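Chain and residue survey
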Amino acid sequence: MRNVIWINGSHKDDTRVFDSDFEVEEWARALYPDFVAYLSEQTNVGYATPDEKVINYLASHFPQWADYINLKVGVCTAEIERNGQIIYKIWTVKL
């Protein structure tokens, strides 16, 4: 997880657990500009959240988003426990 720019923490909903798949999709799509800014610089980028649904959505869309700018990336995920809460992480790795 070295050399990864983490974009979480800059939005008030970063710690939110969404109720529906629609909300997850809307939230993850709203993060697209943040991710693509780093991907276009070929910088590994990551996100952490207590909502596993967001991570699953991003895992399926990161490769598409990178492909839009002719970049191939791998996707890594992890779970950590922080203050008794599980935090899900996702980040890209340039291929």
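Residues numbered from 1 in each chain as written. Predicted model: local features only at pLDDT ≥ 70, side-chain atom pairs only at ≥ 80, totals over all residues. Heavy atoms only, no water.

Moving on, we come to the sheet that holds strand β4 (residues 85-94). Two strands in a sheet stick together by hydrogen bonds in their backbones, pointing the same way (parallel) or opposite ways (antiparallel). Reading across from one edge, β1-β2-β4-β3 is the order of the four strands in this open sheet, with mixed pairing throughout. Here the strands that pair on one side only, and so sit at the sheet edges, are β1 (4-6) and β3 (73-82). If you compare each strand with its neighbour and ignore which way they point, the axes differ by 25° on average. Across the sheet, helix α1 (residues 21-39) is in contact with β1, β2 (44-49), β3 and β4; its angle to β2 comes to roughly 150°. Running over the sheet, helix α2 (residues 52-68) touches β2, β3 and β4 and is turned about 5° from β4. (Pairing = 2+ DSSP bridges. Helix = DSSP H or I, 4+ residues; strand = E, 2+ residues; numbered from the N terminus. Axes fitted to C-alpha atoms, helices over the stretch in contact; angles between N-to-C directions. Contact = heavy atoms within 4.5 Å.)

Note that soluble globular proteins tend to have their nonpolar side chains buried in a common cluster. In this structure, Phe 35, Tyr 47, Val 54 and Leu 58 are the most contacted members of the largest nonpolar core, which totals 21 residues. Put simply, the parts of the chain that give this core at least two residues each are α1, β2, α2 and β4. With seven residues, α2 is the largest single contributor of residues to this core. (Core = buried A, V, L, I, M, F, W, Y, C linked by side-chain atoms within 4.5 Å. Buried < 20%, exposed > 50% of the residue type's maximum accessible area, 1.4 Å probe, protein only.)

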